[in-house]
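# Inside the fold
The residues making up each chain are set out below.
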Amino acid sequence: MPRPSLRTRTVKRRNVRTPGSRRVVHYSRLSKPGEARCSACGAILPGVPRLKPSKMSNLSRSGRRPNRPYGGYLCSACLSSKIRAQVLIEEKAPQKASGKKQK
Ligand SMILES: [Zn+2]
């Protein structure tokens, strides 16, 4: 039986075959999740804490991720460039259809 600190489900078990063809169990503590990264450029998102889901639920809603559209998914630079690109697309499209109405 493993020692008391390893008798918990927070410890991951891995069955390993040793060079002497003996089967042993290797234990490893669950590690912290990786840092949240921007989906467009891959930069580390500063507003997202690196915590387990159980610890995240203890935080306030605003402490978990930035409170804006795409917060915790895109970094601020990528979001602003995305918004600018979208605005340019929308400006170009209706001008052909209703260019006389605007003037
Ligand atoms: Zn980015």
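Numbers given to residues run from 1 along each chain, matching the order in which its sequence is written. Where local features are concerned, this predicted model is filtered to residues with pLDDT of at least 70; where side-chain atom pairs are given and counted, the filter is 80 or more; whole-chain, interface and lining totals use all residues.

### A look at the domain arrangement of the protein chain
- Residue ranges assigned to the domains are those given by an automatic or database domain assignment. Split into domains, the protein chain comes out as domain 1 (1-31) and domain 2 (34-95).
- Each of domain 1 and domain 2 has a C-alpha centre, and the two are 38 Å apart.

### Brief notes about the environment of Ser21
- Counting from the N terminus, the helices are the DSSP runs of H or I reaching at least four residues and the strands are the DSSP runs of E reaching at least two. By secondary structure assignment, the location of Ser21 is in the loop between strand S1 (11-17) and strand S2 (23-29).
- Linking Ser21 and Lys82, residues 61 residues apart in sequence, is a C-alpha distance of 56 Å.

### Notes on the confidence of the model for the protein chain
- In this model, the protein chain carries a mean pLDDT of 88, and residues with pLDDT of at least 70 account for 91%.
- You can read pLDDT as the predictor saying how much it trusts each residue, on a scale of 0 to 100. Averaged pLDDT values for the elements of the protein chain fall to 52 in helix H4 (residues 99-102) and rise to 93 in S1.

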